[in-house]
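The residues making up each chain are set out below.
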Amino acid sequence: MKNIAVFASGSGSNFQAIIDEVKKGELQANLKLLVCDKPNAFCIERATNEDIPYFTFSAKDYAGKEEYENEILKKLKENKIEFIVLAGYMRLIGPILLKEFEGRIVNIHPSLLPAFPGKDAIGQALNANVKKSGVTIHFVDEGMDTGPIIAQQEVDIDSAETRESLQEKIHEIEHQLYPAVLKKLFSK
Ligand code: GAR
């Protein structure tokens, strides 16, 4: 069974979906650590509720990415982490972690990449007036939401779509798709 760390910055509903599948025995993984760059984020409460250890930090307390990623790397090594799962972690992964976990970091993004990378993919899709968006799961490389695509699922955007309704549709897909893709990856 793989030892995994989830990285998140916000509410952590995807983190929760992963926790739930692990608890049901559907996803075979040891959820060893949450890494969070926002000390007040709700995902930390989710970790606490489930007795999952967490490491939280503020980037502003460090001289740069190298310094905080070295600290994260120390925690990952202490916990014998084999796989990193990004779930709404809103920072680029730098060379320190990429080198150590090459091919073993995955990300979920709320658009059909390569469309609408970066922040607020949902707002970007609505502003662009597209009729379809979706969810992408991909391996992480040094780029912003680039890296080999593992899975994608489309969602229709209705004429009356709001940010809230689209976000809800996307979350619904994400909460199914991410655990399913992880299940396949971890069984290899
Ligand atoms: C998710 O929709 C995820 O796809 C997105 O952040 C949200 C986090 O929600 N990630 C990105 O935009 C990455 N570029 P959650 O905190 O409820 O899981």
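Only a predicted model underlies this, so the values are computations on that prediction, with no experimental measurement involved.

1. So, the overall build of the protein
Then, in step 1: When helices and strands are tallied, the protein shows 6 helices and 7 strands.
Then, in step 2: Written out in order from the N terminus, the α and β elements of the protein read β-α-β-α-β-α-β-α-β-α-β-β-α.
Then, in step 3: A compact globule built from 188 residues would reach a C-alpha radius of gyration of about 16 Å, and the protein, at 16 Å, matches this within 12%.
Then, in step 4: Each principal axis of the C-alpha distribution contributes one length, and for the protein these read about 50 × 40 × 30 Å.
Then, in step 5: In the protein, which comprises 188 residues, the share counted as buried stands at 47%.
Then, in step 6: Accessible surface, the protein: about 9600 Å² in total, of which carbon and sulfur atoms supply 49%.
Then, in step 7: A distance of 4 Å separates the average location of the 23 positive side-chain charges in the protein from that of its 28 negative side-chain charges.

2. Section: the UniProt feature "active site" (unreviewed entry) in the protein
Then, in step 1: Residues given the UniProt feature "active site" (unreviewed entry) here are His109.
Then, in step 2: Looking at the element boundaries, His109 is found in strand E5 (residues 105–109).

3. Considerations on the UniProt feature "binding site: N(1)-(5-phospho-beta-D-ribosyl)glycinamide" (unreviewed entry) in the protein
Then, in step 1: UniProt tags Gly12, Ser13 and Asn14 as "binding site: N(1)-(5-phospho-beta-D-ribosyl)glycinamide" (unreviewed entry). Of the annotated positions named here, the largest pocket is lined by Gly12, Ser13 and Asn14.
Then, in step 2: With respect to the helices, strands and loops of the structure, Gly12 is situated in the loop between strand E1 (2–8) and helix H1 (13–24).
Then, in step 3: Ignoring anything within four residues of it in the chain, the contact list for Gly12 reads Cys43 and Arg46.
Then, in step 4: Within the element layout of this structure, Asn14 appears in helix H1.
Then, in step 5: Ignoring sequence-local partners within four residues, the contact set of Asn14 consists of Ala87, Ile108, His171, Glu174, His175 and Tyr178.

4. Topic: the confidence of the model for the protein
For any part of a model where pLDDT is low, the fine detail of the predicted coordinates should not be relied upon.
Then, in step 1: Per-residue pLDDT for the protein has a mean of 97; in total, 100% of the residues score no lower than 70.
Then, in step 2: Predicted complex, confidence summary: ipTM 0.99, pTM 0.97.

5. Quick notes on the pairing of strand E2 (residues 29–36)
Then, in step 1: The buried fraction of E2 is high, at 6 of 8 residues.
Then, in step 2: Taken together, the 7 bridges between E1 and E2 define a ladder with parallel strand orientation. Across the sheet, the residue bridging to Phe7 is Val35, located in E2.
Then, in step 3: Handedness of the crossover is the feature at issue here: the chain leaves E1, passes through H1, returns alongside E2, and the resulting connection is right-handed.

Thresholds, definitions, all that
Residues numbered from 1 in each chain as written. Predicted model: local features only at pLDDT ≥ 70, side-chain atom pairs only at ≥ 80, totals over all residues. Heavy atoms only, no water. Helix = DSSP H or I, 4+ residues; strand = E, 2+ residues; numbered from the N terminus. Rg over C-alpha atoms; globule rule 2.2 N^0.38 Å. Buried < 20%, exposed > 50% of the residue type's maximum accessible area, 1.4 Å probe, protein only. Areas by Shrake-Rupley, 256 points an atom, 1.4 Å probe, with all protein chains shown as cover. Lys, Arg positive; Asp, Glu negative; His and termini not counted. Charge placed at Lys NZ, Arg CZ, Asp CG, Glu CD. UniProt positions renumbered as here; feature names shortened; annotations may be inferred. 1 Å grid on protein atoms, 1.4 Å probe; cavity = no way out; pocket = protein on both sides within 12 Å on 5 of 7 lines; lining within 4 Å. Contact = heavy atoms within 4.5 Å. pLDDT = per-residue confidence, 0-100. Pairing = 2+ DSSP bridges. Right-handed = clockwise from strand over helix to strand, strands pointing away.

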